[in-house]
Amino acid sequence: MSFSNEEKRSYLENLNEQTLLGGGEARIARQHDQGKYTARERVEKLLDPNSFLEFDKFVKHNCSSFGLEKQKFLGDGVVTGVGTINGQKVALFSQDFTCWGGALGMAYAQKICKIMDFAIENKMPIIGINDSGGARIQEGVESLAGYAEIFHRNVQASGVIPQISLIMGPCAGGAVYSPAMTDFILMVDKTSYMFVTGPEVVKTVTHEEVTKDELGGAHTHNEKSGVAHFICSDEDDCLERTRELLSFIPAGNYTKPTKSFTTDSITRENNKLKDFVPVNSKKPYDMKEIIMDVIDDKHFLEYQRDFAKNIICGFGAVGGNKVGIVANQPAVLAGCLDIDSSTKAARFIRFCDAFEIPILTLVDVPGFLPGTTQEYGGIIRHGAKLLYAYAEATVPQITLITRKAYGGAYDVMASKHIKADINLAYPTAEIAVMGADGAVNIIFRNELKGLEGEEFDKKKASLVKDYEEKFANPYKAASLGYVDEVIYPENTRARIYKYLEFLKDKNEIRPKRKHGNIPL
Ligand code: HXC
């Protein structure tokens, strides 16, 4: 017996309708009650309207253990496909918690692998929306194999296409390692969590009592561990932040970023910055104010805003040229480099370098943070990551020293010697081995020995003044060509714009090697 065209169409319609139901209405209602969207709703809200093309809607698992053969959901619990965001092509997968709690089996993993392969081969960012109870227990080792297949692709995709993970529910056990290998992790406050072992295992092993949120919630990973890069107040905020992030990054490696639109004049003077940097070099100021005054439309997308606040990282644009900004923050820990700020900035720099995003570095750094906590924690190894990342980068690099650039930190923070392209300084810059006070104590120890009271203070003040005149300025470095130009602060935006334009076609080729060995 053959079917009419109409019957065939209605069969397809019926299947399509079934896919929309995921794990059924009751489970969808439960998802909504928890303040969460369904997998499909998230895709619809994230992508440009009507741009989604879904792959593998009718895939089903093949497992017959523990009664699973009696329970099959069309699509197998994950929605995959391609679409556009602000017109830019993306590939994505969205885990459906209404089907076995979003748990991953072999067919499900194969769908994710297929869309990842598609994204790599066709050069577009891959976005993973995570909301899952982990390995589908009934499928045993096949789910573990599925995870490993995804991990392998995460590594192959690294540095080739941007990878973005949205955590919108549970993400636990070994499953955390797929997002961990992606470039950006966005977490939703209160409804998402990530941990290797949950509170019950923690209690059994270490006797610590901790809630899910304390152990692996959005605040924990954005403020304490540095695992996540963005904290979002709710799911809408998370989807909007993802769209914003995509507006700064290209589709893949060896793809120059497109120019962004702005009406902000490139000849606008930074009048606010004229006397902004305090004369007293011990006085803090907020480096973010300089960033905001320089970039287009004050639009700054900050990366790891709540982690290692002594360094600022994020995306902005100058005259439509998108840049990754790395800046010491004198308002926190006097802008010292420490373990967390070094690893934070190193990873950000490596992302920018992999994806052709020029790096703008703003420097006000008194050095590396002293102390046993830092030394025992391996500041040598972690600080080296930052040095390595800067020295490895071949994208256009502009460095501006606003005030202190002392010691090893001067070298590390995109100095001329590790191949930044343009090195600028404000007249307030102090480029020296160390601050005047410390330097005088060491080099004039003998002269100061034996002096007391007023006599000591007078002598020391005169030695400090002398040292400051000689070294606490940018002119020695400028006379050696280590600083290309000492600029007036009010011209910052116009200067950076011009240099970015001149560096646009930079093409630096390094000797061939398999890969370097960054100090991990
Ligand atoms: C199969 C699962 C499942 C899983 C949940 N479900 N997790 N099915 N495999 N891993 C099912 C439930 O049976 C339930 O089915 C539905 O999903 C929703 O789960 P609930 O427990 O009702 O939801 P909730 O109360 O919100 O709790 C969510 C949860 C919890 C915290 C994720 O379900 C949970 O703890 N699940 C087990 C997590 C786990 O141990 N996974 C394995 C981790 S090891 P019904 O039919 O009632 O809707 C791992 C290794 C990965 O993942 C290794 C990679 C290398």
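(A) Just the packing of helix α4 (residues 106-121) against helix α5 (residues 141-157), in detail. Packing of α4 against α5 leaves a shortest axis separation of 8 Å and a crossing angle of 10°. Classified by the interaxial angle, the pair formed by α4 and α5 is roughly parallel. Here α4 contributes M106, A109, I112, C113, M116, D117 and I120 to the contact with α5, which in turn contributes E142, A145, G146, E149, I150, R153, N154 and A157. Taken together, the residues of the contact of α4 with α5 sort by class into nine nonpolar, two polar and four charged.

(B) Just the site of the ligand, in detail. Around the ligand, 18 residues are found, and the nearest of them are R27, W100, G101, G133 and A135. In the model, an oxygen atom of the ligand is placed 3.1 Å from a nitrogen or oxygen of the R30 side chain. A distance of 2.7 Å separates a nitrogen atom of the ligand from a polar atom in the backbone of G133. Taking 1,000 Å² as the accessible area of the ligand by itself, protein coverage stands at 57%. If one sorts the elements of the shell around the ligand by residue count, α5 sits on top with three residues. Residue classes in the shell around the ligand are distributed as ten nonpolar, five polar and three charged.

(C) Representation of the environment of K224 in the model. Its location among the elements puts K224 in helix α9 (residues 218-224). A sequence separation of 82 residues divides K224 from D306, and the C-alpha atoms of the two residues are 8.6 Å apart. Excluding residues that lie within four positions of it along the chain, K224 makes contacts with H219 and F307.

(D) Summary view of the sheet that holds strand β9 (residues 230-232). In spatial order, the strands read β1-β2-β3-β4-β5-β7-β9; together these seven strands make up an open sheet with mixed pairing. Both edges of this open sheet fall to β1 (53-55) and β9, since each of them pairs with a single strand only. Adjacent strand axes in the sheet meet at a mean angle of 20°, parallel and antiparallel pairs treated alike. Two elements, strand β7 (residues 184-188) and β9, share three bridges in a ladder whose sense is parallel. In the sheet register, L186 faces β9, and the bridge partner there is F230. Strands in contact with α4 are β1, β2 (78-85), β3 (88-95), β4 (126-130) and β5 (163-167); relative to β2, the strand with the most contacts, it is inclined by about 20°.

(E) Highlighting the nonpolar core. In this structure, I127, I249 and F315 are the most contacted members of the largest nonpolar core, which totals 62 residues. Looking at which element gives the most residues to this core, the answer is helix α12 (residues 339-354), with six residues. Sequence-distant contacts of I249, defined by excluding residues within four places in its chain, comprise Q88, P162, I164, F184, F315, F351 and I357. Residues I291, I295, L362 and L424 belong to the second largest nonpolar core, which totals 27 residues.

(F) The arrangement of the pairing of strand β12 (residues 321-328) in detail. Taking burial as the measure, the eight residues of β12 include eight buried ones, the bulk of the element. Residue alternation in β12 divides its side chains into two sets, N321, V323, I325 and A327 and K322, G324, V326 and N328, and both sets are buried. Here eight bridges tie strand β11 (residues 311-318) to β12, and the two strands are oriented antiparallel to one another. Across the sheet, the residue bridging to G314 is I325, located in β12. Here β11 folds back onto β12 in antiparallel fashion, the turn holding two residues, of which G319 has a positive phi close to 60°. Between the parallel pair β12 and strand β13 (residues 359-365), the chain is carried across by α12, and the sense of this crossover is right-handed.

(G) Geometry of a nonpolar patch on the surface. On the surface, V433, M434, I442 and I443 cluster together into a nonpolar patch covering about 380 Å² of accessible area. According to the relative accessible area criterion, I443 is exposed, its value standing at 53%.

(H) Examining the pattern of salt bridges more closely. A complete count under the given rule lists 33 salt bridges for this structure. Here K465 and E469 are joined by a salt bridge, their closest N and O atoms 3.2 Å apart. Of this pair, K465 and E469 are both found in helix α18 (residues 453-471), four residues apart, which corresponds to roughly one turn of the helix. The pair formed by K465 and E469 is uniform in burial state, with each residue classed as exposed.

(I) Structural context of α4. A rise of 1.5 Å per residue sets the reference length of α4, with its 16 residues, at 22 Å; its end C-alpha atoms lie 22 Å apart and thus fit the reference within 8%. Within α4 the residues assigned to the buried category are M106, A107, Y108, A109, K111, I112, C113, I115, M116 and A119. Lining the buried residues of α4 we find β1, β2, β3, β4, α5 and β5.

(J) Highlighting the environment of D338. For D338, the location among the structural elements is in the loop between β12 and α12. With a relative accessible area of 9%, D338 lands in the buried category. Considering only alpha carbons, one finds D338 and F368, 30 residues apart in sequence, at a separation of 5.9 Å. Aside from chain neighbours lying at most four places away, what touches D338 is N310, L333, L369, Q374 and I379. Only 3.1 Å separates the side chain of D338 from the side chain of N310, close enough to count as a polar contact.

(K) Broad picture of the side chain of R40. Within the element layout of this structure, R40 appears in helix α3 (residues 39-46). If sequence neighbours within four positions are ignored, R40 has contacts with T19, L20, E54 and V79.

(L) Broad picture of unusual backbone geometry. Unusually for a residue other than glycine, L333 sits at a positive phi of about 50°. Turning to its location among the elements, L333 is positioned in the loop between β12 and α12. Here the phi dihedral of E356 falls at roughly 60°; this positive angle occurs in a residue that is not glycine. By the secondary structure assignment, E356 is in the loop between α12 and β13.

(M) Spatial organisation of the packing of aromatic side chains. Applying the stated criterion across every chain yields a total of 15 aromatic pairs. Between F55 and F118 the ring centres are 5.4 Å apart and the planes differ by 85°, which places this aromatic pair in the edge-to-face class. One end of the pair, F55, is in strand β1; the other, F118, is in helix α4, with 63 residues separating them in the sequence. Geometrically, the ring pair formed by F315 and F351 is edge-to-face, given 6.3 Å between the ring centres and 75° between the ring planes. With a gap of 36 residues between them, F315 in strand β11 and F351 in helix α12 connect regions that are remote in the sequence.

The rules behind the values
- Residues numbered from 1 in each chain as written.
- Predicted model: local features only at pLDDT ≥ 70, side-chain atom pairs only at ≥ 80, totals over all residues.
- Heavy atoms only, no water.
- Axes fitted to C-alpha atoms, helices over the stretch in contact; angles between N-to-C directions.
- Helix = DSSP H or I, 4+ residues; strand = E, 2+ residues; numbered from the N terminus.
- Parallel < 35°, antiparallel > 145°, perpendicular 65-115°, else oblique.
- Contact = heavy atoms within 4.5 Å.
- Nonpolar A, V, L, I, M, F, W, Y, C, P; charged D, E, K, R; others polar.
- Near = heavy atom within 4 Å.
- Polar contact = N/O pair within 3.5 Å; in protein donor to acceptor, adjacent residues only side chain to side chain.
- Areas by Shrake-Rupley, 256 points an atom, 1.4 Å probe, with all protein chains shown as cover.
- Pairing = 2+ DSSP bridges.
- Core = buried A, V, L, I, M, F, W, Y, C linked by side-chain atoms within 4.5 Å.
- Buried < 20%, exposed > 50% of the residue type's maximum accessible area, 1.4 Å probe, protein only.
- Right-handed = clockwise from strand over helix to strand, strands pointing away.
- Patch = residues over 30% accessible without salt bridge, like charges linked within 9 Å, V, L, I, M, F, W, Y side chains within 5 Å.
- Salt bridge = Lys/Arg side-chain N within 4 Å of Asp/Glu carboxyl O.
- Expected span 1.5 Å × (residues − 1).
- Phe/Tyr/Trp six-rings, centres within 6.5 Å; stacked < 30°, edge-to-face > 60°.

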